[in-house]
Amino acid sequence: MAPSVIPTSVNPDIQKERDAASFSSEEFAAWWSGGEEKLKFNRDVREYLQKDMDVEEVQQLHNKSHEEIYEASSKWAILAAKKLQRLQKERNPGGNDYWPTLYDNQVMWGLIPGGNPFGVMYVMLVKALQAQCTPEQYEEFGKRIENFEVCGTYAQTELGHGTYLRGLETRADFDQNTDEFVLNTPKISSYKWWPGGLGHSSNHCMLMAQLYIDNKPKGPHMFYVQVRDEESHEPLPGIHIGDIGKKMGFIGVNNGFLGLKNVRIPRTRMLMRHAQVNADGSYVSSPANVLTYFAMVRTRCVIAWNNAVMLAIGATIATRYSAVRRQSPINPKEPEPQIMDHVTQQMKLFPEIATSVAYRLASAHLWNLYRHYLGRHIQRKLHSLSCALKVNCSSDSTIGVERLRLACGGHGYLSSSNMCHVYVNATAACTYEGENTVLLLQIGRFLMKSWRAALSGAPLAPTVMYLAEVQKKPEFGSWTGTWENMVHAMQFAAAKKTALAFKSLSNRLSRGETEETAANHTGIELAQAAELHGRAFVFSSFADEVTGPKAKTRSAALNRVLENLLELYVVKESLNHMANFLRFINLTDTDLTRLQDRLETVLTKLRPDAVAIVDGFDFSDVQLNSTLGSFDGNAYERIFDAAMKNPMNQKSVPKSFHEHLKPFMKSNI
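Predicted model only: the values in this text are computed from it and were never measured. (Residues numbered from 1 in each chain as written. Predicted model: local features only at pLDDT ≥ 70, side-chain atom pairs only at ≥ 80, totals over all residues. Heavy atoms only, no water.)

A word on the side chain of S620
As for its position among the elements, S620 is in the loop between α20 (610-616) and α21 (621-624). Reaching out from S620, the side chain makes a polar contact with the side chain of Q50 at a distance of 3.0 Å. Those residues within four positions of S620 in sequence are excluded, and the remaining contacts are R46 and Q50. (Helix = DSSP H or I, 4+ residues; strand = E, 2+ residues; numbered from the N terminus. Polar contact = N/O pair within 3.5 Å; in protein donor to acceptor, adjacent residues only side chain to side chain. Contact = heavy atoms within 4.5 Å.)

Overview of the packing of aromatic side chains
Applying the stated criterion to the full structure yields 23 aromatic pairs. Ring geometry for F28 versus W32: centroids 6.5 Å apart, planes at 15 degrees, classification stacked. In this pair, F28 and W32 both sit in helix α2 (residues 25-33), four residues apart, roughly one turn of the helix. When sorted by exposure, F28 lands in the same class as W32, which is buried. (Phe/Tyr/Trp six-rings, centres within 6.5 Å; stacked < 30°, edge-to-face > 60°. Buried < 20%, exposed > 50% of the residue type's maximum accessible area, 1.4 Å probe, protein only.)

Quick look at the UniProt feature "binding site: FAD" (unreviewed entry) in the chain
When the UniProt feature table is mapped onto this chain numbering, "binding site: FAD" (unreviewed entry) sits at T157 and G196. Across 40 residues, the annotated set stays spatially compact, with a maximum C-alpha separation of 10.8 Å. With respect to the helices, strands and loops of the structure, T157 is situated in the loop between β1 (152-155) and β2 (171-175). In this structure, T157 is in contact with G162, Y191, K192, W193 and W194, ignoring residues within four places of it in sequence. In contact with G196, not counting residues within four places along its chain, are P117, V120, T153, V253, N254 and N255. (UniProt positions renumbered as here; feature names shortened; annotations may be inferred.)

A look at the sheet that holds strand β4 (residues 192-193)
With antiparallel pairing, three strands are arranged side by side in an open sheet as β4-β8-β7. With partners counted over all chains shown, the strands left at the sheet margins are β4 and β7 (239-243), one partner each. The pairing of β4 with strand β8 (residues 256-260) spans two bridges and is antiparallel. Within β8, the position partnered with W193 by the bridge is F257. (Pairing = 2+ DSSP bridges.)

Overview of helix α14 (residues 483-510)
Helical geometry: 3.6 residues make up each α-helical turn, so side chains three or four residues apart lie on a common side. Over its 28 residues, α14 extends 40 Å from the first C-alpha to the last, a length consistent with the 40 Å expected when each residue adds 1.5 Å. Positioned one or two residues after α14, G512 has a phi angle of 100 degrees, which is positive. (Expected span 1.5 Å × (residues − 1).)

Here we look at the UniProt feature "active site" (unreviewed entry) in the chain
Per the UniProt record, "active site" (unreviewed entry) is found at E433. Excluding residues that lie within four positions of it along the chain, E433 makes contacts with M124, T299, R300, I303, K390 and L439.

Things to note about the pairing of strand β3 (residues 180-184)
Within β3, four of the five residues are buried, which leaves it mostly tucked inside the rest of the structure. Where β2 lies against β3, five bridges are found, and the strand directions are antiparallel. Pairing of A172 across the sheet is with L183, part of β3. In this antiparallel pair of consecutive strands, β2 and β3, the connection spans four residues, and D179 shows a positive phi of 60 degrees.

A short note on the domain arrangement of the chain
Its domain assignment divides the chain into domain 1 (151-287) and domain 2 (292-615). The C-alpha-based centres of domain 1 and domain 2 are spaced at 37 Å. Each side of the interface is counted separately: domain 1 has five residues, and domain 2 has 10 residues. Buried surface at the junction of domain 1 and domain 2, summed over both partners, amounts to about 510 Å²; 72% is from carbon and sulfur atoms. Considering only the side of domain 1, the residues that lose the most area to domain 2 are T163, M248 and F250, jointly responsible for 83% of the buried surface there. On inspection of domain 1 and its partner domain 2, the count reaches zero salt bridges. (Domains from an automatic or database assignment. Buried area = accessible area lost by both parts, 1.4 Å probe. Salt bridge = Lys/Arg side-chain N within 4 Å of Asp/Glu carboxyl O.)

Overview of unusual backbone geometry
Omega for the peptide link from W99 to P100 comes to 0 degrees, which places this bond in the cis form. Relative to the helices and strands, P100 resides in the loop between α5 (66-91) and α6 (119-132). Even without being glycine, S328 reaches a positive phi, approximately 55 degrees. Examined against the element boundaries, S328 turns out to sit in the loop between α8 (290-324) and α9 (343-372).

Shown next as structure tokens:
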């Protein structure tokens, strides 16, 4: 293999950017991480985990087969687990702050680029078992999962059903004679399909099935099922299990299928914290526990947080590349500029930086709200907001990463740029943990209930108080263009869209349509109102962080940068949703011209600080895994080096030349 051509020095163009920054990227990194101590902790753990990594093997992952990627991902996941266990023993024996807490943390990113086949076990399964098991059940089998004595996953989605849980077809019939449940997937569409790690990386699973007692349905319930032998790892009798095949991304996650034929499990393997089946066949159901909402809100906050970070990764790669790529003179007699000097390039890069910050702050704000209201009825209202945040962040980050890939020109299309892998990871979140359109419709229904409640004078959750305010004062007032005014404008537009949807729904009901049919016919308006509801929350979260009391804890230089990011975010989002603003708010041509001027002005202000901002996201080169986005800025050399190490280039003549191409050309002579 050819020797590396990558210099040991830093590209002078990217160094110039860092030297000219108006603020400290270290201070930004501490703020982004949640404080200096947290930043130090993250870096320390990251360095420990990345030590002794075979970086070249990781970089060659995209050249491997599906099976090879899975095997490598499984190996790397276990190596990371061992390192975290060692850290725990060395630094805090008996605690859990390193293991298993960090196994689903962002310090792990980059260690397993194909995806962690055991990730679902800690992201979802352990927490779901804690929420659904009785204390006795968790001690019996939940602890074994938590300690990684066995491996498991959470199996809910089926080939024929995903979000609509009442449509799930897997059956669990209670056999009173043997005190067992009999599990079956009666047809192909009832096979469990998609659970991460189910294919070959789990010997147990938490499975959702329709409970039947005396052939009478009791609805979907959770069951704990062993699917493989703990010693041989062979599937148990009645179990049909495997990998669903290669996907756009997450290739190493080993998403699997599961069929069951007369699989018997003890009655005590139904998770019975919230519902019980007794030995005599009697059924006892408990009201939904707040822990159910806790798990859902937590998961959707994590998704929004993670997708904000994916967008930040894409922005880091594209911004650094834009600092070292020179192309197309602005003035014909001058040298080729850094492409980041083109305002159109700035418009591709800087709004995505601002958007990643906006969603990072919004997800943190929502999680803090949820913990503040823990155990109170309002948690159910916050669940709806978490859905909106998940939808908007996954959608915006997916579109944003693709925009950033395009900003890298042809080289962004290279697999070695890593932009394609960031994209497929981001877009997956539009579907998992609630398909986005389905969630928007759920939020829309919540908004209809809230609007109806406000009309009757009933108390509202703090997250929708603005609906009542707009009912009391149906006119917006004057547009001033301040950040506070623009936050109010987004809330006003969301409330007015909610009012229009409510009117359409009410008209359909008055014409005799059923509630369900009317909701279906009003679906487009419900989804639009739901989207704006989520955006209003992001607006207010961003503004509160930048202009609120926390500003006093930051330097003036960092505050100026955050103010510029806030300005860019609210201005570009207001322009993006101008059709809604113009419909409900009296804006003049002068107001619109000023918004465009503000957009162009803030791009100019951010230009000198762009590289320092993405440096403040504090990603290591291992985490970025990109020829275009490395810290040293040596993009061309890294692109060239990756091509030289391509397995196809290790032979001067491919086998296909002699077997196919040459004989065909000879035959034409």
